[in-house]
Amino acid sequence: MYELLKNLGTWLTSGSQWTGTDGIAHRLAEHLQYSLLATLVAAAIGLPLGLLIGHTGKGAFLAINLASFGRALPTVGLVVLVFLAGGLSMLPVYVALVALAVPAIVTNTYAGMTAVDPDVRDAARGQGMRGHQVLFQVELPLALPLIMTGLRLALIQVVATATIAAYVSFGGLGRYVFDGLAQRDLVQVLGGAVLVAVIAVALDLLLSALQRFLFRHRTA
């Protein structure tokens, strides 16, 4: 074990390991690109849906159950299915990552909207606000902390799962895991896994700190 950890430390700190198209810096940039793009697409789908059902109260059962279904989908299986249908491209990876991220965004957005005090909504309407004004000026600001929590959870899940890009011969930090398994290089496998875990934890801490900073003046 000591020898393995020693070799891992050497692998992670070697200057040559950080340069070139196969270097950690390049693979990390690829991994973040996949993760951020998939999360943005998922947000473009999940946020409007969560806001709509939270504001109107219509379609909640269907939307939440569809979101739960998306969470239960096997990610690798979905990648293989889309790969067989659409051929070799990043599309299967993005489809799987978006399907993984949407449920957390939808459910947290919906939860944030339903947590808004009905009396606050009624007061806003009593002041003459229209439906869209109530949504964007009253409900959305109050629901924002839970919405951001959903985005944060979705991003961390996607970062942890984006290693599947290497499953269909693309890049990212998963390249070290799959190549290491193929080469029976335990140090490379462990190095890839450690890098993914560190990035996921670092992003979680960063987003958590940002969330606390943005809502520091709000009372619990």
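Just so it is clear, the structure is predicted and the values come from calculations on it, not from any experiment. (Residues numbered from 1 in each chain as written. Predicted model: local features only at pLDDT ≥ 70, side-chain atom pairs only at ≥ 80, totals over all residues. Heavy atoms only, no water.)

**A short note on the overall build of the chain**
Operational definition: Per the convention used, a helix needs a DSSP run of H or I reaching at least four residues, while a strand needs a run of E reaching at least two, with both numbered from the N terminus. Burial classes follow relative accessibility: with a 1.4 Å probe on protein chains only, a residue under 20% of its type's maximum area counts as buried, one over 50% as exposed, and anything between as partly exposed. Here a residue-residue contact requires only that any non-hydrogen atoms of the pair lie within 4.5 Å. Computed with a 1.4 Å probe, the accessible areas rest on the Shrake-Rupley method; for each residue, only the protein chains presented here act as cover.
When its secondary structure is counted, the chain shows nine helices and zero strands. Going from N to C terminus, the chain has its helices and strands arranged as α-α-α-α-α-α-α-α-α. In the chain, which comprises 220 residues, the share counted as buried stands at 41%. Contacts in the chain between residues at least 24 apart in sequence constitute 74% of all its contacts with a sequence separation of at least 6. Accessible surface, the chain as shown: approximately 11,800 Å² in total, 68% of it carbon and sulfur.

**Focus: helix 9 (residues 186-214)**
Test applied: The span one expects for a helix is its residue count, reduced by one, times 1.5 Å. Here a polar contact means two N or O atoms within 3.5 Å. Within protein one must be a hydrogen donor candidate and the other an acceptor candidate, and residues neighboring in sequence count only if both atoms are side-chain atoms.
Given a rise of 1.5 Å per residue, 29 residues ought to cover 42 Å, and the 42 Å separating the end C-alpha atoms of helix 9 matches this to within 8%. Of all the residues in helix 9, the buried ones are Val187, Gln188, Val189, Gly191, Gly192, Leu195, Val196, Ile199, Ala200, Leu203, Ser208 and Gln211. N-capping of helix 9 is provided by aspartate 185, with a side-chain oxygen placed 3.3 Å from the backbone N of valine 187.

**Looking at unusual backbone geometry**
Positioned with a positive phi, arginine 184 is a non-glycine residue whose angle comes to about 55°. As for its position among the elements, arginine 184 is in the loop between helix 8 (174-183) and helix 9. On the basis of relative accessibility, which here comes to 81%, the residue arginine 184 falls in the exposed class.

**Regarding the nonpolar core**
Condition: We define the nonpolar core as a collection of buried residues of types Ala, Val, Leu, Ile, Met, Phe, Trp, Tyr and Cys that are connected through side-chain atoms lying within 4.5 Å of one another.
Grouped together as the largest cluster of nonpolar side chains are 23 residues, with contacts concentrated most on Ala38, Ala42, Met90, Val93 and Leu97. Of all the secondary structure elements, the ones that give two or more residues to this core are helix 2 (24-56), helix 5 (91-114) and helix 7 (131-161). Counting 13 residues, the second-largest nonpolar core is a separate cluster that includes Ile24, Val159, Tyr176 and Ile199.

**Observations concerning the environment of valine 134**
Note that valine 134 resides in helix 7. Separated by ten residues in sequence, valine 134 and alanine 124 have C-alpha atoms that sit 6.4 Å apart. Apart from residues lying up to four places away in sequence, valine 134 is in contact with Ala124, Arg125, Met129 and Glu139.

**Describing the packing of aromatic side chains**
Rules: Here the aromatic set is Phe, Tyr and Trp, taking the six-membered ring for Trp, and pairing holds for ring centres within 6.5 Å; pairs whose planes are under 30 degrees apart are stacked, those over 60 apart are edge-to-face, and all others are tilted.
Under the criterion given, the structure shown has three aromatic pairs. Ring geometry for tryptophan 11 and tyrosine 176: centres 5.1 Å apart, planes at 90°, overall edge-to-face. Here the residue tryptophan 11 occupies a position in helix 1 (residues 2-13), and tyrosine 176 occupies one in helix 8, the gap between them amounting to 165 residues. Note on tyrosine 176: relative accessible area 3%, which makes it buried. Ring geometry for tyrosine 34 against tyrosine 94: centres 6.3 Å apart, planes inclined by 85°, an arrangement best described as edge-to-face. Within this pair, whereas tyrosine 34 is found in helix 2, its partner tyrosine 94 is found in helix 5, the two being separated by 60 residues in sequence. Looking at tyrosine 34, the relative accessible area reads 7%, which means it is buried.

**Structural notes on the side chain of serine 208**
Position of serine 208 relative to the elements: it lies in helix 9. Side chain to side chain, serine 208 and arginine 212 meet in a polar contact 2.9 Å long.

**Looking at the side chain of arginine 175**
Note that arginine 175 resides in helix 8. Arginine 175 sits in the buried class, given a relative accessible area of 14%. Separated by 3.4 Å, the side chain of arginine 175 and the backbone oxygen of alanine 166 make a polar contact.

**Let's talk about the packing of helix 6 (residues 118-126) against helix 7**
Short version of the rule: Axis definition: a line fitted to C-alpha atoms, over the contacting stretch in the case of helices. Angles run 0 to 180 degrees between N-to-C directions. Working definition: roughly parallel below 35 degrees, roughly antiparallel above 145 degrees, roughly perpendicular at 65 to 115 degrees, and oblique for all remaining angles. Here a crossing is taken to be left-handed if its near helix is turned anticlockwise relative to the far helix by less than a right angle, and right-handed if that turn runs clockwise.
Where helix 6 contacts helix 7, the two axes come as close as 10 Å, and the packing angle between them is 155°. When the interaxial angle is binned, helix 6 and helix 7 end up roughly antiparallel. Of the two possible hands of crossing, helix 6 and helix 7 adopt the one that is right-handed. Every residue of helix 7 that contacts helix 6 at Val120, Arg121, Ala124 and Arg125 is listed here: Val134, Val138, Glu139 and Leu142.

Interpretation note: all reported values are geometric properties and have no functional meaning in isolation.
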